[in-house]
Amino acid sequence: MVKAVFFDLDGTLVDSVGGLMASMNLVMDSFGFDRIDAEQTKQYVGNGYRKFVDSSLQATADRLYAEAEKAERKDPDRAMELEMQADDVMAAYDDACAEYLRVFKDHFLDDSDAYPGMRETLAELKAHGIKLVCITNKPVEATQKTLDKAFGPDYFDYVVCDDGIVPRKPDPTGCYNAMKALGVERNEILYLGDTSTDMKTAKNAGLTAVGCLYGFRSKKELIDNGADCLISKPTELLDIFKK
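Reference entry: report on the structure contained in this document. (Residues numbered from 1 in each chain as written. Predicted model: local features only at pLDDT ≥ 70, side-chain atom pairs only at ≥ 80, totals over all residues. Heavy atoms only, no water.)

1. A short note on the pattern of salt bridges
- On inspection of all chains with the given rule, the structure shows 18 salt bridges.
- One salt bridge connects K42 with E39, and the closest N-O pair in it is separated by 3.6 Å. In this pair, K42 and E39 both sit in helix α2 (residues 38-44), three residues apart, roughly one turn of the helix.
- Taking the relative accessible area as the measure of exposure, K42 reaches 21% and is therefore partly exposed.
- With its nearest N and O atoms 2.8 Å apart, the salt bridge here joins D228 to K203. With D228 in the loop between α10 (219-224) and β8 (229-231) and K203 in helix α9 (residues 196-205), the pair connects residues that are 25 residues apart, well separated along the chain.
- The exposure class of K203 is partly exposed, given its relative accessible area of 36%. (Salt bridge = Lys/Arg side-chain N within 4 Å of Asp/Glu carboxyl O. Helix = DSSP H or I, 4+ residues; strand = E, 2+ residues; numbered from the N terminus. Buried < 20%, exposed > 50% of the residue type's maximum accessible area, 1.4 Å probe, protein only.)

Next up, the structure:
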């Protein structure tokens, strides 16, 4: 019997691509690096902001390295210049991380809202006494503001986020803490997520993993990383619950 559902945040509860992309592109613009698009954003997020910054910088560096390789035979000096530019991009990592934190607090909610049908799904679960948990690698303040905007204050029974204390997903510690706090066992929990990190988190904690096809990553990634079942929209979670 299901007594609790654990949810990832970005790409599972909330479509936050707009805010994440806007924040990162402000950083890229300030350094003169390449902007990222929505598909890149979906691929780069999920493992904390530092990995997001690293992947975004790497996209610019990879372009420069590729151009350098093409220029190497005809213009070695130009090739060396491009390689140095690429190195400089990656050397800006710490400064880019600091800049991302600065702009993120003002833009992470841009074009961000609950996925269609998610509010109704959560309300139905609550009506049946199901405990709701959010487990994310997003920082504390951003997590709280995102949840408050999408669902209202104190909507979830337990929230795990990047507080600098609890290890980030796919470490299962956050899941264990939630289980203990709510008094639920592994076989009484469904874990919803949209990335390999989420599927690994569920598997590491011994939970049933539900992959969200409407989120940021592919069906293949979810299946390859242990999804027990898949849903194409939030309301399909209710069908699993009824079964």
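Continuing now.
2. What about the packing of aromatic side chains?
- Counting across every chain of the model gives ten aromatic pairs.
- With centroids separated by 5.6 Å and ring planes inclined at 20 degrees, the aromatic side chains of F31 and F33 adopt a geometry described as stacked.
- Note on F31: relative accessible area 28%, which makes it partly exposed.
- For the ring pair F151 and F156, a centre distance of 5.6 Å and an interplane angle of 75 degrees mean the geometry is edge-to-face. No difference in accessibility class separates F151 from F156, as the two residues are buried.
- Three or more aromatic residues joined by ring pairs form one cluster here, namely Y49, F52, Y100, F104 and F108. (Phe/Tyr/Trp six-rings, centres within 6.5 Å; stacked < 30°, edge-to-face > 60°.)

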